[in-house]
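Close look at the chain arrangement
These are the residues of each chain, in order.
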Amino acid sequence: MRLDPVTMEIVGNRLSAMTEEMCLTLQRTSRSLYVKETADFCCAFAGLDGGFVAYPRGIGVSGFVGLNVLTAVQAAGPLEPGDVIITNDPYRSGGLATHLTDIQLIEPYFHEGELVGYGWAFIHCSDIGGRVPSSLSPVNDEIFQEGLQIPPVKLVRAGEPSLDVEALITANSRTPEANLGDIRAMRAALRTGRERLAGVVAQHGLATVLDAQRDLVEYTAGKARAALAALGDGTHRFVDYLDDDAVSSLPVRLSVTATLRAGDLHLDFTGTDPQVAAAFNIATLGRPHAWITTRVLALICTLDPGIALNAGLIAPITVTTPEGSLVNPVHPAAVGVRHASANRVNDAIGGALGLAAPHVLPAASSGLVVPVVVAEQRAAGQNVQVLEPMVGGTGARDGADGVDGRDSGISNLSNNPVETVETEIGVEILRYGLRTDSGGAGRWRGGCGLELTFRVRGEGSKLLARGLERMCFRPWGVRGGGPGAATELIVNPGTARERRHFKIDVLPLEPGDVVTLLTSGAGGYGDPYTRDPEAVLRDVERGVVSREAAARAYGVVLAEGDGGLAVDDPATADARRQHRPDPVANDGGAERRAWESVFDTATVDRLVAALFRLPRPARTPRRTALYTSVLDGLPTGFPRTPPTPEQRDAARRTLVQEITELERMSA
């Protein structure tokens, strides 16, 4: 290190405080509900290499600490004081933007003509144009459908705003005033950063600030390697699935092989399905991108809670992401709902590293983030707002239950206050709370999902709910723990007009319609019949476990007493004596077992390898045709409906025959 530890710590804390003040400036001056309430935004300070040197710990989206601004900076051309770059293009920004509704601003910071670093701010805007209100839909099959693409260009030149660029952006959005207000809030945040950085340079000197950039990142990198080294060396693999790609009923496979060596971690995504003709692709450009490393960063910060948030966190991580795969698509692949795949990457990495450290890693989280969007007609135009960013709970771990109704696995978004929602959107919230019996049973219970029920009040309303997942393949439990409950979306529940939906594009609603979204629960940890009966009783009293589930899933019999419910000890002991522990190491539920009874890991490895030997445009059609041929011999509703042994064996024979023919064609 170039600096003494005390100076480095002081300057590091000053820079971190600067980024938090930038975030507060942005949030307090923002316009849209999703920024000022949900807090889908962030600010940071990047060094000369483009990596983040200082990142806020207590405000804003935490998962983007591994992003890099340098590609966008270089694309915008020579910079001078007063310039501000804008972009939302995932491909042209080098993955800095992760979908088109995330608007990025970058300002170069100078001191006496010398470049010191870059201020960065982003917000998720309500709408950037495209085919549907809010821009994002799972069924978009190319990025051109997802809205206005803004390559890295100068929004401000030498302090003078480019009104032409502003006009182009506002003309291509359904919410132009909100977007413009949020962009101005970002500029205010960048100005705050510029002023505070000038104060740090004035106090400590330019050379010290430049040296601190390198020292802070290197110090964090060393601590990150030390944390990962505690897991031991080894290679571990895990496979998980998206329910489907929204344009077909075919699941999408994510495979991760994690190799730990002396504190370095390599993530190999070989075996992951090809990119899909839908919006679930993650534009990583082959780098250790934030959306495929978030779980590792969370693990490092768990193992070392005092570690600083900066680019050093990703220094120990390398990746293999096959080009043309779901995690490294080729332009113009759609990427709008990339967070759904990122959730599944998180779960797969957690599963792989859980094999290395089962007493550290939890069971699967609920595995979804669903921004529930309501678009409605108003006299002045359209009102497009995120009603709630719906999540579930966190997975149980050795020694602790999961967290109910909160999951910061890929983002630490806040929920919107009901009063604010009802003020800004034409809906009435009927229920917003924890979902009973949704957390996976276990010695340690998985976190509960959420229930949101609302009534539509206005005419011409439409519902969008991107990110609906875990409706088939449930969050898996660990070491005998059970899976969480599946996600459900119901319109007009309990009436003659009840309709159940899976993934939706744009769902028209009528005044008086009632919508209920039940998010998935997280996986449990350990044999549920070893859970403390008093803990089960407390869960029943809290309403997160029903009395029936206490007996069925935990073997805990409850009886009415003078003081209310109490554990019936003799009946509970009798019920538990008849229990046989489940030997399943990772239980994803009957649906996953049914799927893998036909499509086992080794056989599908052959399939994916053969598909990648085909020209890229031929992969998806060939994959669809092959799976369709196999599924034709299985029951309607498979894998929710299990096959008979005869159907399973016949389907496996068809699968092997189809793969053998594909291998011959692609040789």
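One structure accompanies this document, and this report is about it.

Calculation notes
- Per-chain numbering applies: the sequence of each chain, read as written, is numbered from 1 onward.
- Where totals are concerned, whole chains, interfaces and linings use all residues; where local detail is concerned, this predicted model gives features only for residues with pLDDT of at least 70, and gives and counts side-chain atom pairs only at 80 or more.
- Here the side-chain values reflect all heavy atoms present in the structure, with hydrogen atoms and water set aside.
- We count a stretch as a helix when DSSP gives it H or I for four or more residues in a row; a strand needs E for two or more, and each element gets its number in order from the N terminus.
- To get the radius of gyration, use the C-alpha atoms; to get the globule rule, take the number of residues to the power 0.38 and multiply by 2.2 Å.
- Contact criterion: two residues are considered in contact whenever any of their non-hydrogen atoms come within 4.5 Å of each other.
- For the area figures, the Shrake-Rupley method with a 1.4 Å probe applies, and any residue is considered shielded solely by the protein chains shown.
- When charges are counted, neither His nor the chain ends are considered; positive counts come from Lys and Arg and negative counts from Asp and Glu.
- The atoms used to mark charge sites are NZ of Lys, CZ of Arg, CG of Asp and CD of Glu.
- Only protein chains enter the accessibility calculation, which uses a 1.4 Å probe. A residue is then buried if its area is under 20% of the maximum for its type, exposed if over 50%, and partly exposed in between.
- Here, any two strands with at least 2 DSSP bridges between them count as paired.
- The convention used is that axes are lines fitted to C-alpha atoms, helices contributing only their stretch in contact, and that angles between N-to-C directions extend from 0 to 180 degrees.
- Points on a 1 Å grid over protein atoms alone make up a cavity when a 1.4 Å probe fits among them but cannot get out, and a pocket when they form an open set with protein on both sides within 12 Å along at least five of seven lines; lining residues each have an atom within 4 Å of a point.
- Grid points are joined across faces, edges and corners, and a volume is the space filled by probe spheres set on the points.
- For this classification, Asp, Glu, Lys and Arg are treated as charged, while Ala, Val, Leu, Ile, Met, Phe, Trp, Tyr, Cys and Pro are nonpolar and the rest, including Gly, are polar.
- The labels follow the angle: roughly parallel below 35 degrees, roughly antiparallel above 145, roughly perpendicular from 65 to 115, and oblique for the rest.
- What makes a crossing left-handed is the near helix being turned counterclockwise from the far one by less than a right angle; a clockwise turn instead makes it right-handed.
- The pairing test for Phe, Tyr and Trp rings, Trp by its six-membered ring, is centres within 6.5 Å, and the orientation test on the planes gives stacked under 30 degrees, edge-to-face over 60, and tilted for anything in between.
- We call a set of buried residues a nonpolar core when its members are Ala, Val, Leu, Ile, Met, Phe, Trp, Tyr or Cys and they connect through side-chain atoms within 4.5 Å of each other.
- This arc is built from the directions going out from the helix axis to the C-beta atoms.
- Expected helix span is taken as 1.5 Å per residue step, with the number of steps being one fewer than the number of residues.

Bringing the overall build of the protein chain into the picture now. When its secondary structure is counted, the protein chain shows 16 helices and 24 strands. In summary, the protein chain has a C-alpha radius of gyration of 25 Å against a globular reference of 26 Å for 667 residues, a match within 12%. Oriented by its inertia axes, the alpha-carbon framework of the protein chain measures out at about 80 × 70 × 60 Å. Expressed as a percentage of contacts within the protein chain between residues at least 6 apart in sequence, the contacts between residues at least 24 apart total 72%. Accessible surface for the protein chain amounts to roughly 24400 Å². Of this, 51% is attributable to carbon and sulfur atoms. Of note, the protein chain has its 65 positive side-chain charges centred 3 Å away from the centre of its 80 negative side-chain charges.

Most of strand β15 (residues 450–456) is tucked away: 6 of the 7 residues are buried. Note that β15 and strand β21 (residues 514–518) share 5 bridges and pair antiparallel. Bridge pairing in β21 places T453 opposite T516.

Overall, antiparallel pairing links the 7 strands, which are arranged β2-β1-β5-β4-β3-β6-β7 in an open sheet. Strands at the two margins of the open sheet, each flanked by one partner only, are β2 (52–54) and β7 (160–161). Bridge count between strand β1 (residues 41–46) and β2: 2 bridges; the pairing is antiparallel. Directly across from F45, in β2, lies its bridge partner A54.

It is worth spelling out the side chain of R623 at this point. If you trace the backbone, R623 turns up in helix α15 (residues 616–631). The exposure class assigned to R623 is buried, which follows from its relative accessible area of 7%. Apart from the residues lying within four places of it in its own chain, the contact partners of R623 are L250, P251, V252, D273, P274 and L611.

Looking now at the sheet that holds strand β20 (residues 507–509). One open sheet holds the 4 strands; their spatial order is β13-β12-β16-β20, and the pairing between them is antiparallel. Looking at which strands have only one partner, the edges of the open sheet turn out to be β13 (381–390) and β20. If you compare each strand with its neighbour and ignore which way they point, the axes differ by 25° on average. Looking at chain direction, strand β16 (residues 461–465) and β20 are connected through 3 bridges and run antiparallel. Looking at β20, one finds that L463 is bridged to L507.

Here we take up the layout of surface pockets. Computed from the structure, the largest pocket encloses a volume of approximately 850 Å³. Along the walls of the largest pocket sit 31 residues, with A298, L299, T302, S408 and G409 positioned nearest its centre. Its residues assigned to classes, the lining of the largest pocket comprises 14 nonpolar, 12 polar and 5 charged.

When two helices pack together, their arrangement is captured by the angle between the axes and the distance separating the axes. Closest axis-to-axis distance for the helix α4 (residues 163–171)/helix α5 (residues 176–204) pair is 9 Å, and the angle between their directions is 140°. As judged from the angle between their axes, α4 and α5 are oblique. Read as a crossing pair, α4 and α5 show a hand that is right-handed. Taken together, the residues of α5 that come into contact with α4 (itself represented by E166, I169 and T170) are P176, L180, I183, R184 and R187.

Here the focus is the packing of aromatic side chains. In this structure the tally under the stated criterion is 14 aromatic pairs. Judged by centre distance (4.8 Å) and plane angle (40°), the rings of F52 and W120 are tilted. Here F52, found in strand β2, pairs with W120, found in strand β5 (residues 114–124); they are 68 residues apart in sequence, far enough to count as distant. Geometrically, the ring pair formed by Y55 and W120 is stacked, given 6.4 Å between the ring centres and 25° between the ring planes. Remark: W120 occurs in strand β5 and Y55 occurs in the loop between β2 and α3 (70–75); sequence separation between them is 65 residues.

With that settled, the discussion passes to unusual backbone geometry. Residues other than glycine predominantly adopt negative phi, and peptide bonds predominantly adopt the trans conformation. Cis peptide bonds are those with omega within 30 degrees of zero, and the linkage from H331 to P332 qualifies with 15°. Relative to the helices and strands, P332 resides in the loop between β11 (317–320) and α8 (338–356). Phi at A39 takes a positive value of approximately 70°, unusual for a residue other than glycine. Judged by its relative accessible area of 7%, A39 falls in the buried class. Here E112, not a glycine, exhibits a phi torsion of approximately 50°, which is positive. Mapped onto the elements, E112 comes out in the loop between β4 (102–111) and β5.

Before going further, it helps to spend a moment on the pairing of strand β22 (residues 558–561). As paired strands, β22 and strand β23 (residues 564–567) are joined by 4 bridges and run antiparallel to one another. Along β23, the bridge assignment pairs L558 with V567. Counting the residues between successive antiparallel strands, the hairpin from β22 to β23 contains 2 residues.

This next bit is on the nonpolar core. With 157 residues, the main nonpolar core has L26, W120, L267, L387 and F454 as its most contacted residues. If we skip the residues at most four places from it in the chain, L387 touches V372, V374, N416, V421, I425, V427, I429, L452 and F454. Counting residues in each nonpolar core, the second largest holds 25 residues, with Y241, A594, V630 and L655 among its members.

Helical geometry: 3.6 residues make up each α-helical turn, so side chains three or four residues apart lie on a common side. When we look at burial in helix α13 (residues 590–598), the residues that qualify are E591, R592, A594, W595 and V598. Looking straight down α13, one finds its buried side chains confined to an arc of 160°; they lie on one side. Looking at the buried residues of α13, the elements they touch are β8 (234–242), α15 and α16 (645–666).

Next up on the list: α15. Under the 1.5 Å per step criterion, the end-to-end length of α15 is 24 Å for 16 residues, consistent within 8% with the ideal 22 Å. Here α15 has its buried residues at R619, R622, R623, L626, Y627, V630 and L631. Projected down its long axis, α15 shows its buried positions confined to an angular sector of 160°, all on one face. Looking at the packing, one finds that the buried side of α15 touches β9 (252–261), α13, α14 (601–612) and α16.

Bringing the environment of A221 into the picture now. Along the chain, the position of A221 falls in helix α6 (residues 206–229). A sequence separation of 171 residues divides A221 from G392, and the C-alpha atoms of the two residues are 32 Å apart.

Time to look at the packing of α14 against α16. Axis separation between α14 and α16 bottoms out at 9 Å; the angle between their running directions is 30°. What the angle tells us is that α14 and α16 run roughly parallel. As α14 packs across α16, the resulting crossing turns out to be left-handed. On α16, the residues that touch T603, R606, L607, A610 and L611 of α14 are R652, L655, V656, I659, T660, L662, E663 and S666.

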